[in-house]
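Chain residues, written in single-letter form:
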Amino acid sequence: MKKNILLVDDDKIFNFLSEKTIGSLGLANEIHFALNGEEALDLLELYRNGELAKPDIIFVDLNMPIMDGFEFIEAFRRMDLPEKESITIVVLTSSADPTDVSRAKRLGVKYYFNKPLSKEEIKKLIVQEFSFPMN
């Protein structure tokens, strides 16, 4: 039961490393990238229009140009998307600031990870969120 993943981060090297980590677990059906929240919203519009598969998980950084992660999450919450409730947003950031953690929780974010993303964290997320058995 592979998942469609959207990585939203302005750091191309980090995106590459995350893609390799996720890919090494064999969990991804498709991985799409956005360099900021605005690009991510554009990709979600493609999903809404039937031009792109629904992302199951959106990994979003908080610190990005144009539209940061918090602004993206707020805009996502306002979007009218089919099956939106089945999309899991995961904050993946270098910020360990308790204020950021609290704000993310207030916005309904269930998972908050610090970079870099480890295989163990991905496994935990997949098992908890999707009842997907992992070895």
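Residues numbered from 1 in each chain as written. Predicted model: local features only at pLDDT ≥ 70, side-chain atom pairs only at ≥ 80, totals over all residues. Heavy atoms only, no water.

Caption draft 1: Looking closely at unusual backbone geometry. Positive phi outside glycine occurs at Ile66, with the angle close to 70°. Relative to the helices and strands, Ile66 is located in the loop between strand 3 (57–60) and helix 3 (69–78). (Helix = DSSP H or I, 4+ residues; strand = E, 2+ residues; numbered from the N terminus.)

Caption draft 2: Layout of the packing of aromatic side chains. Applying the stated criterion across every chain yields a total of two aromatic pairs. A ring pair is formed by Phe72 and Phe76, whose centres lie 6.1 Å apart and whose planes are at 35°; its orientation type is tilted. You can see Phe72 and its partner Phe76 sitting in helix 3, four residues apart, about one turn around the helix. With a relative accessible area of 0%, Phe76 lands in the buried category. Ring geometry for Tyr111 versus Phe113: centroids 6.3 Å apart, planes at 20°, classification stacked. Residue Phe113 is classed as buried on the basis of its relative accessible area, which comes to 10%. Positioned over the ring face of Phe76 is Lys84, at 5.7 Å from the centre of the ring. Between Lys115 and the ring centre of Phe14, over which it is positioned, the NZ or CZ distance is 4.5 Å. (Phe/Tyr/Trp six-rings, centres within 6.5 Å; stacked < 30°, edge-to-face > 60°. Buried < 20%, exposed > 50% of the residue type's maximum accessible area, 1.4 Å probe, protein only. Lys NZ or Arg CZ within 6 Å of the ring centre and 35° of its normal.)

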